Amino acid sequence: MIQELLHNQTWMDVRTWREQYAGSLTPVHVSVLSVVTPLTRLLEGKYGMKIDVHLHDQFVDDMDAVEAKLLRVEANSRGLRRKVSLLSRGEVMFDAESVLPLEMLPVQLMTELEEGKRPLANLLADQGLSLSRSNLSIAQVQDEGFYGGCWARRSVLGATSGAKALVTEVFHDAIWRKIQYLMQR
């Protein structure tokens with residue numbers, strides 16, 4: 001699970017991260033990693049990148065202490081865990097794992113999540129819900145595995161309906177190459 005893999009990473013709030021890294025990264029890295037509106041809308045609108053969702057798994061699970069703290073619910077609360085990859089033209093751009101507390105999950109949203117066809121932030125926004133993103137943190141993955149060296153971010157999405165989700169995203173190198181290609185066209 002992405003959440004478990006990234007618990008031991010050094011997470012920086014977005015302001016601290018910008019101060020430390022903004023000068024050494026491209027403006028594209030900074031805008032993508034720090035966007036507070038739905039990321040897929042930025043990728044589609046600004047760069048013309050069509051994004052598709054591939055649902056890997058979705059199940060009810062106990063939240064761990066870190067997840068519960070970020071979502072402001074009791075430890076071991078039950079949540080819907082959703083694992084997806086977001087692709088452009090069949091290539092994975094980033095992986096995402098969302099944890100949504102069951103007690104706050106509207107039935108209509110649950111139905112759309114079960115279909116597994118659309119990004120979570122888009123589902124919330126398209127239901128006419130005011131969407132906010134808090135606790136935006138960024139990390140560079142320091143491990144020897146598949147994600148080593150990749151950038152990751154996590155944040156809490158909240159909607160006026162009361163629905164909340166902890167969303168963690170890990171960006172593959174392919175996203176930066178794809179954006180560069182699209183910018184040069």
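Structural data are supplied above this passage.
Caption draft 1: Molecular detail of the nonpolar core. In this structure, V32, L43 and I175 are the most contacted members of the largest nonpolar core, which totals 30 residues. Among the elements of the structure, α2 (14-21), α3 (27-34), α4 (39-47), β3 (78-88), β4 (91-101), β5 (131-140) and α8 (173-184) are those that each provide at least two residues to this core. Excluding residues within four positions of it along the chain, V32 makes contact with L39, L42, L43, R153, F171, W176 and I179. Of all hydrophobic cores here, the second largest spans 13 residues; its members include L109, L120, L123 and A159.

Caption draft 2: How the structure looks around the packing of α3 against α8. With their axes 11 Å apart at the nearest point, α3 and α8 run at an angle of 120 degrees to one another. When the axes of α3 and α8 are compared, the pair comes out oblique. Crossing geometry of α3 relative to α8 is assigned as right-handed. Together, V28, H29, V32 and L33 of α3 and W176, I179 and M183 of α8 make up the contact between the two elements. Of the residues assigned to the contact of α3 with α8, the class counts are 6 nonpolar, 1 polar and no charged.

Caption draft 3: Summary view of unusual backbone geometry. Residue N76 is not a glycine yet carries a positive backbone phi of 65 degrees. Tracing the sequence through the fold places N76 in the loop between α5 (65-71) and β3. Positive phi, close to 50 degrees, is recorded for R89, a residue that is not glycine. Note that R89 resides in the loop between β3 and β4.

Caption draft 4: Quick look at the pairing of β4. Taking burial as the measure, the 11 residues of β4 include 9 buried ones, the bulk of the element. In this sheet, β4 lies alongside β3 in antiparallel orientation, the contact comprising 10 bridges. Pairing of K83 across the sheet is with E97, part of β4. Between β3 and the antiparallel strand that follows it, β4, lie 2 residues; R89 among them carries a positive phi value of about 50 degrees. Two strands pair when backbone bridges link them, and β4 and strand β7 (residues 164-171) are joined in this way by 6 bridges, in the antiparallel orientation. Across the sheet, A96 pairs through a bridge with E169, a residue of β7.

Caption draft 5: Examining α8 more closely. A rise of 1.5 Å per residue sets the reference length of α8, with its 12 residues, at 16 Å; its end C-alpha atoms lie 17 Å apart and thus fit the reference within 8%. Here α8 has its buried residues at A174, I175, W176, K178, I179 and L182. Looking at the buried positions of α8, the neighbouring elements they touch are α3, α4, β3, β4 and β7.

Caption draft 6: Quick peek at the side chain of R154. Tracing the backbone through its elements, the reader meets R154 in strand β6 (residues 151-159). Buried charge R154 goes without a salt bridge, the closest partner of opposite sign being D64 at 7.9 Å. Setting aside residues up to four positions removed in sequence, R154 forms contacts with W11, V66, L70, N135, L136, S137, V167 and T168.

What counts, and where the lines are drawn
- Residues numbered from 1 in each chain as written.
- Predicted model: local features only at pLDDT ≥ 70, side-chain atom pairs only at ≥ 80, totals over all residues.
- Heavy atoms only, no water.
- Core = buried A, V, L, I, M, F, W, Y, C linked by side-chain atoms within 4.5 Å.
- Buried < 20%, exposed > 50% of the residue type's maximum accessible area, 1.4 Å probe, protein only.
- Helix = DSSP H or I, 4+ residues; strand = E, 2+ residues; numbered from the N terminus.
- Contact = heavy atoms within 4.5 Å.
- Axes fitted to C-alpha atoms, helices over the stretch in contact; angles between N-to-C directions.
- Parallel < 35°, antiparallel > 145°, perpendicular 65-115°, else oblique.
- Left-handed = near helix turned anticlockwise from the far one by under 90°.
- Nonpolar A, V, L, I, M, F, W, Y, C, P; charged D, E, K, R; others polar.
- Pairing = 2+ DSSP bridges.
- Expected span 1.5 Å × (residues − 1).
- Lys, Arg positive; Asp, Glu negative; His and termini not counted.
- Salt bridge = Lys/Arg side-chain N within 4 Å of Asp/Glu carboxyl O.

Purely geometric numbers; function is a separate question.
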